[in-house]
Amino acid sequence: MTDALELAERALALVDGDAAEAVVMAERSGFARYAAGEVHQPTLIDDTVVQLRVIRDGCSGSATTNRIDDEGLTDLAGRAVAAAASADPDPELAPLAPPAELAKVEGYDEPTAALGADDQARLAEAAIAASDGLGLYGFFTSGVCELAIASSTGLRAHERTTDATCLALAAVDGASGYAERTSWRAGEIDPAAVAREAAAKAERTRGAVDAPPARYRAVLEPYAIAELLYYSAFDMFNGQALLEERSWFAGRIGERGFDPKVTLVDDGLDPRGLPRSLDFEGTPKQRVVLVEEGVIRDTVWDRENAARAGRASTGHALPLATRAEGAVATAVVMSPGEAESTDELAELVGDGIYVTRLHYLGVVNAREGVITGMTKDGTFRIRDGKVAEPLVNLRFTVSMPELLADVPGLTRETLLVSQSDFYDERWAYGYRVPGMATACFNVTGSGSGPGL
Amino acid sequence: MRAACAAAVDAALGAGATYADARAILRRSQSVGTRNGRVITLTDAESEGIGVRVLVGGSWGFACDRRLDETGAREAALRACAFAAAAGGNGGRALAPLEAGSGSFRPPVEIDPIAVPLEDKVALCLRAEEAMRRPEIKVAQASVRALRERKLFLSSDGAEIEQELVESGGGIDATAVGDDGIVQQRSYPSAHVGSSAQAGWEYVEGLGLEHEAPRVAEQAAQLLRADECPAGVATVVIDHEQMQLQVHESVGHPTELDRVYGTEAAYAGTSFLHPTDLGTLRYGSEHMNITADPTTPGGLGTFGFDDEGVPAARTPIVSEGVLSGFLTSRETAAKIGHGDGGSMRADGWQRMPLVRMTNLHLEPGSGTVDELISEVPEGLYLETNRSWSIDDKRLNFQFGTQMAWEIKRGRIGRLLRDATYTGVTPRFWGSLDRVAGPEAWVMYGLTNCGKGQPGQGAHVSHGASAARFRDVQVGVKS
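What counts and how
Residues numbered from 1 in each chain as written. Chains lettered and ligands numbered in written order. Predicted model: local features only at pLDDT ≥ 70, side-chain atom pairs only at ≥ 80, totals over all residues. Heavy atoms only, no water. Helix = DSSP H or I, 4+ residues; strand = E, 2+ residues; numbered from the N terminus. Buried < 20%, exposed > 50% of the residue type's maximum accessible area, 1.4 Å probe, protein only. Areas by Shrake-Rupley, 256 points an atom, 1.4 Å probe, with all protein chains shown as cover. Lys, Arg positive; Asp, Glu negative; His and termini not counted. Charge placed at Lys NZ, Arg CZ, Asp CG, Glu CD. Contact = heavy atoms within 4.5 Å. Buried area = accessible area lost by both parts, 1.4 Å probe. Salt bridge = Lys/Arg side-chain N within 4 Å of Asp/Glu carboxyl O. Pairing = 2+ DSSP bridges. Axes fitted to C-alpha atoms, helices over the stretch in contact; angles between N-to-C directions. 1 Å grid on protein atoms, 1.4 Å probe; cavity = no way out; pocket = protein on both sides within 12 Å on 5 of 7 lines; lining within 4 Å. Points joined across faces, edges and corners; volume = space filled by probe spheres on them. Nonpolar A, V, L, I, M, F, W, Y, C, P; charged D, E, K, R; others polar. Phe/Tyr/Trp six-rings, centres within 6.5 Å; stacked < 30°, edge-to-face > 60°. Lys NZ or Arg CZ within 6 Å of the ring centre and 35° of its normal.

> Is there a simple way to explain the overall build of chain A in this structure?
For chain A, the count of helices and strands is 10 helices and 17 strands. Along the three orthogonal principal directions, the C-alpha set of chain A runs to about 70 × 55 × 35 Å. With 452 residues in all, chain A has 67% of them scored as buried. Approximately 14,400 Å² of chain A is accessible, and the part contributed by carbon and sulfur atoms is 48%. Considering chain A, the positive charge centre built from 42 side chains and the negative charge centre built from 70 side chains are found 4 Å apart.

Below, the structure is given as structure tokens:
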């Protein structure tokens, strides 16, 4: 990989005299994607993208390229300057991030960075071999990414991170189970164990039956609760949505919104997650308490929206291509509880359903926090406090405030669940959450059975 | 570009590949977005590189390089071969035969969208957005986009294809917030970042964003005062905009043959369809005719050749309600023994081609939308997508629409908010009893269709007329 900070400085130097910011995102990664027990889409990616943002006379514009020779960068600067010249002056434009001391975070692992295609294929094969005769679908991926920012404010920041994920769907006709592990240290991931977890879950899903629409008590595995929280992040936890009154948090800051067992923070510095010290504007990451013992505390902020709100950014700006979404919490940590296992949560639930993971969520009503989707790859009935017969995939339509209003329990163990689907430039992120019991999970229909 | 592609294919064959193809791509795109009078997105982006796909010992491999020279191309080819060899696999992959040849494609473009000055794009957005201002509108947004992509495809089968794709698009959204915390949104021309077409800037000009803006804002404000859509079972007339997503989710994805064979199971999902369903499965009523057509003028899925070099061809997918085709690659076409491929598309040079939708249309029926409505004693007219979700086999779906109009005795009545409807794919399509005619048929271009690991976005178009369905569950509550 190229020297990302040096590259950012080269780009910045080409617009000397203007307020400008150069951001470099570099990636070297491999995906050993498998289906039906063989690697079918192995993909190696190596790219370096330079983004140059120029502010001139209160107007902001940007350009990007992956041509990193002098000609490419000169052309980039010309296009960025032209873009800025095309904008209207913006009196609310936030100034570029000043230099700031960044926290020292972990998040880079040399053995993970050194993994090559042979290793990725070998680790994928380890998962496949452990799938106990079931077809295995998913991937092993690892990558090393660099983020470098050089700004006319004097900001110079560079961070190198690694990430690895093994995702396993063990499936045949009529049965399927799911598991995944992600870490910035590939050595912490045992692909065979991930596959075995998925296969064991799959074996329990044979003979699934329907369950009628109703409001159930439920146990949600970390995979499920992490995804529900992630879909809440774009509106509920987003400072821009708060300002625009699109967030359920609007008008509720300081009020009790959820069960006192619910504490949510966004902590990008947490070494148990996928830590990073800065966001894509160069602002140091802050630990933000979103919900404290059920009380609504705050949202996350980027520079633009923080300025409008008269406060400071919390270091949650997205990459430029998606920044118009506002700030998004990408490292949510949900505090654990006391339950030793999800089986213990089932005891707390007594009668209800058990949900392993979810599929294709959609926000029905952002302001009310209403989300729909399907359960998948391990849905069971809970009877008499025990996980009982398997169920078909169920459609749910839940209000997140209602889902979190009465939480009978949470597991002591938490799990880091990847939320990155690796579109565009690679950027791994995930939520660390426990298993959770809820008093209200609204099932509104049923779909196909488990399996292929 | 040609030398780089040729070097990649030669290097792959030299390294033991039995098949290799190389795609060199130069992509330039511009995005402009404004929000409440401020320019929030103004980006001029470019990306270039080469992607090399190989078959070694019956296993696929893919690698890419941003350097568009022979060195970068060769290195990518060798990495792809090494990855394929390391990945192993069960081997025995066959590709549907292809008469390889040379070709080129370029859509008709009146006004080069990249050449339109950025300041003109900004000004259009600001004018459209200004026209949406009213007290109830908390967020007014406008956006336009332009894209030009040149790509060269070479394969070891002897194909050499040069194509240029050009896209233009735009849209507006108004979000109204009431004193009671109700939030409602209206969008035009579509809910998904507007709509795009493979056309020049004349497409954006033809959208009339400024002209439509006051109506969009007024309707968003009206929704604040509307009653909530009640729950029940109803006859629904679904407008052409929502129908495009209905087609996309409940016909497009399940007929992707890679999903049918399970190779997308870990992410996008599988399909309720089986290979043996071809020609026999009743998908819907006799009014249902769906066509995959990468030759449709202006479609985002329009090309001369797909990313395997297969020439574009029109394929019936559902004919009078019966499954009559799949979206295929050369590999899946060979596996099912039907078709030639032709639906393989990659999101840029950094991604491996996947089976994707091209342009998938609901063919028109007859009559006007008013005629469809006039035949409904009691029901709902649903307009513009708001939310969407469907299960992994593409059976159980739930959609929400921005607006719903009560239908009473064949006439449009009061406005309703927060409408949703849900169903199971074949049962729902089986309840289709009329599709409006060609005059009501509109094509939209979506740019946010996701699939694959690593993720790939696809640009696809759908044409549809409003359609009527009986006995639909509406008003799903949380």
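> Looking at this model, I keep getting lost on the interface of chain B and chain A. Mind explaining?
Often, the extent of an interface is quoted as the loss of accessible area on bringing the components together. Listed as interface residues are 79 residues of chain B and, on the opposing side, 88 residues of chain A. Buried area between chain B and chain A, both sides added, is near 6,700 Å², and the carbon and sulfur share of it is 50%. Looking at the side of chain B facing chain A, the largest losses of area belong to B:Arg38, B:Phe83 and B:Ser478, adding up to 11% of the total buried there. Connecting chain B to chain A are 10 salt bridges.

> Is there a simple way to think about the sheet that holds strand β11 (residues 290-292) of chain B in this case?
Strand pairing within a sheet occurs via backbone hydrogen bonds; the two strands may be parallel or antiparallel. Residues and elements named next belong to chain B. Spatial strand order, β13-β12-β11-β16: 4 strands in an open sheet with antiparallel pairing. If you trace the sheet from one side to the other, it starts and ends with β13 (322-323) and β16 (360-362), each paired once. Pairing between β11 and strand β12 (residues 315-319): 3 bridges, direction antiparallel. Bridge pairing links threonine 291 to proline 316 in β12. Across the sheet, helix α6 (residues 240-252) is in contact with β11, β12 and β16; its angle to β16 comes to roughly 115 degrees.

> Got a minute to help me understand empty space enclosed by the protein in this structure?
The gaps of empty space that remain are located by a probe, the size of a water molecule, rolled over the atoms. Residues and elements named next belong to chain B. With the rule as written, the count across this model stands at 10 cavities of 30 Å³ or more. Here the second largest cavity defines a volume of roughly 270 Å³. Lining the second largest cavity are 22 residues, with Arg27, Glu149, Leu165, Arg345 and Ala346 positioned closest to its centre. Only β5 (137-155), β6 (160-177), β14 (344-345) and β23 (456-464) provide two or more residues apiece to the lining of the second largest cavity. Per element, the largest residue contribution to the lining of the second largest cavity is 4 residues, and it comes from β23. Here the lining of the second largest cavity is built from residues that sort into 8 nonpolar, 5 polar and 9 charged.

> Please explain the pattern of salt bridges as it appears in this structure.
For side chains bearing opposite charge, pairing can occur when the charged atoms are close. Scanning all chains against the criterion turns up 81 salt bridges over all chains. When the shortest N-O distance is used, the salt bridge between B:Arg79 and B:Asp65 registers 3.3 Å. Separated by 14 residues along the polypeptide, B:Arg79 in helix α2 (residues 70-87) and B:Asp65 in strand β3 (residues 59-65) bring together distant segments of the chain. Residue classification places B:Arg79 among the partly exposed positions, given a relative accessible area of 26%. You can call B:Asp65 buried: its relative accessible area is 5%. In this structure, B:Arg417 and B:Asp418 form a salt bridge, with 2.6 Å as the shortest nitrogen-oxygen distance. The structure contains a network of salt bridges with shared partners spanning A:Arg67, A:Asp75, A:Arg79, B:Arg28, B:Asp44 and B:Glu46.

> Would you take a moment to explain the pairing of strand β14 (residues 386-391) of chain A for this structure?
For a regular strand, side-chain orientation follows a simple rule: the groups alternate between the two sheet faces. Residue and element names in this part refer to chain A. Inspection of the sheet shows strand β13 (residues 370-383) paired to β14 by 4 bridges, in the antiparallel sense. The residue of β14 that forms the bridge with arginine 383 is lysine 386. Between the antiparallel neighbours β13 and β14 lie 2 residues, among them aspartate 384 with a positive phi of about 50 degrees.

> For this particular structure, what's the right way to read the packing of aromatic side chains?
How two aromatic rings sit relative to each other is set out by the distance from centre to centre and by the angle between their planes. All told, the structure shown has 25 aromatic pairs over all chains when counted by the stated rule. With 5.1 Å between their ring centres and 40 degrees between their planes, A:Phe396 and A:Phe441 make a pair best called tilted. With A:Phe396 in strand β15 (residues 394-399) and A:Phe441 in strand β17 (residues 430-446), this pair connects stretches of sequence that are 45 residues apart. A relative accessible area of 0% places A:Phe441 in the buried class. Judged by centre distance (5.5 Å) and plane angle (40 degrees), the ring pair of B:Phe397 and B:Phe399 falls under tilted. Take B:Phe397: its relative accessible area is 0%, and that puts it in the buried class. Residue B:Phe399 is classed as buried on the basis of its relative accessible area, which comes to 0%. For the cation-ring pair, A:Arg204 lies above A:Phe380, with the distance from its terminal atom to the ring centre recorded as 4.8 Å. Note that B:Lys335 overlies the ring of B:Tyr261, its terminal NZ or CZ placed 4.4 Å from the centroid.

> Where do I start with the environment of B:Val424 in this structure?
Residues and elements named next belong to chain B. One can find valine 424 in strand β20 (residues 419-424). Along the primary structure valine 424 and glycine 455 are separated by 31 residues, whereas in three dimensions their C-alpha atoms are 27 Å apart. Dropping the residues within four chain positions of it, valine 424 is found in contact with Leu395, Asn396 and Phe397.

> Would you take a moment to explain the pairing of strand β7 (residues 214-220) of chain A for this structure?
All names here are of chain A. Pairing of β7 with β17 involves 6 bridges; the strand directions are antiparallel. Counted as the bridge partner of alanine 214 is valine 443 from β17. Where β7 and strand β12 (residues 352-365) come together, 4 bridges link them in parallel fashion. Counted as the bridge partner of valine 219 is tyrosine 354 from β12.

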